[in-house]
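# Fold and contact review
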Protein chains: 2
Amino acid sequence: MVDHDQQNHERSCCPIACALDHLGDKWTLLIIRDLLLGKKRYQEFLESPEQIATNILANRLKKLEATGFLTQQVYQKNPVRYEYVLTKKGEDLRQVLQALVEWGKTYYPGTEVFKPYG
Amino acid sequence: MVDHDQQNHERSCCPIACALDHLGDKWTLLIIRDLLLGKKRYQEFLESPEQIATNILANRLKKLEATGFLTQQVYQKNPVRYEYVLTKKGEDLRQVLQALVEWGKTYYPGTEVFKPYG
DNA sequence: CTGTATCCAGCCGGATACTG
DNA sequence: CAGTATCCGGCTGGATACAG
């Protein structure tokens, strides 16, 4: 179920297609955004204005962990609690998101990311 | 059905969320990629290595037209046939895709876009 | 708080057939 | 070639309840 390594995807040898196999949905990139903004905990992701459902959030966090975009770090034992932190692979998406933000601010006037990135 | 103007989306005032409402799926950005590479016709999109289904392609082309990413231009009458060309809004995604390509080539070694972009 | 599980309607997307 | 239509299984995602 956990399914480490990348599964059978790899639709083609195109880097965009490969990326989209992992990031091409409505929510994943929004979680990456939150992580880049410094959010680390389950509750923090739930508080984002887009109102992600709990099952979707749990599902995406697992997939992102399984595909090496983030790692879990214990910050409390009994019961164990995790913080989610980006790997370099995840961190390096910052430039992609930044390009998307620039585009988005142009074509959806009035939108704004909550805190400036880098 | 055609639904010009943006519908009810706008999940939030975040430019990334707005962008993902239109681009956040497995296929849309791949069609944009093809358009940026110079493809214009239905058949050309079908020939891409990712093998998009015809119904999905037709659906995405309509949505992209309805949301102003591309326009249709008649190149034959009776029966009427269209070529699909990016608007400036669509063209401006080039930088986003380019950032994604750079990222993808790093984390999916061996992948490569067929022809270099601009 | 940090999740997990479940119900469920609806969309996604693959395959295929069909029309002009 | 350029689409449209349909069948259909499975995933998506919203709501809610439940557990440690």
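Note: the structure precedes this text.
Scope of this entry: the structure provided in the associated data block. (Residues numbered from 1 in each chain as written. Chains lettered and ligands numbered in written order. Predicted model: local features only at pLDDT ≥ 70, side-chain atom pairs only at ≥ 80, totals over all residues. Heavy atoms only, no water.)

### Some remarks on a nonpolar patch on the surface
Note the cut-off: A patch consists of residues exposed above 30% relative accessible area that lack any salt bridge, with like charges linked at up to 9 Å and nonpolar side chains (Val, Leu, Ile, Met, Phe, Trp, Tyr) linked at up to 5 Å. Residue burial considers only the protein chains on display, and all accessible areas are found by Shrake-Rupley using a 1.4 Å probe. For this document, the term salt bridge refers to a Lys or Arg side-chain nitrogen within 4 Å of an Asp or Glu carboxyl oxygen. Runs of H or I in DSSP of at least four residues are treated as helices and runs of E of at least two as strands, each being numbered from the N terminus.
A contiguous nonpolar surface patch, about 230 Å² in accessible area, is contributed by Val74, Val80 and Tyr82 of chain A. Relative to the elements of secondary structure, Val80 of chain A occurs in the loop between β1 (70-76) and β2 (81-86).

### Thoughts on the packing of helix α1 (residues 15-23) of chain A against helix α2 (residues 28-36) of chain B
The test is simple: Note on definitions: angles span 0 to 180 degrees between N-to-C directions of axes, and those axes are lines fitted to C-alpha atoms, for helices only across the stretch in contact. Any angle that is under 35 degrees is reported as roughly parallel, and any over 145 degrees as roughly antiparallel; angles of 65 to 115 degrees are reported as roughly perpendicular and all others as oblique. By convention, the crossing between two helices is left-handed when the near helix turns anticlockwise from the far helix through less than a right angle, and right-handed when the turn is clockwise. We call two residues contacting when some pair of their heavy atoms lies within 4.5 Å. For this classification, the nonpolar set comprises Ala, Val, Leu, Ile, Met, Phe, Trp, Tyr, Cys and Pro, the charged set comprises Asp, Glu, Lys and Arg, and every other residue, Gly included, is treated as polar.
Look at α1 of chain A against α2 of chain B: their axes get within 10 Å of each other, and the N-to-C directions meet at 165°. In terms of axis orientation, α1 of chain A runs roughly antiparallel to α2 of chain B. With respect to the hand of their crossing, α1 of chain A and α2 of chain B are arranged in right-handed fashion. Of the residues in α2 of chain B, those in contact with Ile16, Ala17 and Leu20 of chain A of α1 of chain A are Leu29, Leu30 and Arg33 of chain B. Looking at the contact of α1 of chain A with α2 of chain B, its residues break down into five nonpolar, no polar and one charged.

### Examining the relation of the copies chain A and chain B
Selection rule: Residues reaching a pLDDT of at least 70 in both copies supply the C-alpha atoms on which the copies are superposed by least squares.
Once chain A has been moved 0.0 Å along the axis and rotated by 180°, it coincides with chain B to within an RMSD of 0.1 Å. Expressed as a symmetry operation, the mapping of one chain copy onto the other fits a two-fold axis. Minimal C-alpha separation from the rotation axis in chain A is found for Asp25 of chain A, amounting to 2.2 Å. With an isologous cut-off of 70% or more, the 98% of interface residues of chain A that recur at the interface of chain B puts this contact in the isologous class.

### What about the packing of α1 of chain A against helix α6 (residues 94-107) of chain B?
Close contact between α1 of chain A and α6 of chain B brings their axes to 8 Å; oriented N to C, the two are set at 90°. Between α1 of chain A and α6 of chain B, the angle is such that the two are roughly perpendicular. Where α1 of chain A abuts α6 of chain B, its residues Pro15, Ile16, Ala19, Leu20 and Leu23 of chain A lie against Leu97, Leu100, Val101, Trp103, Gly104 and Lys105 of chain B. Residue classes in the contact of α1 of chain A with α6 of chain B are distributed as nine nonpolar, one polar and one charged.

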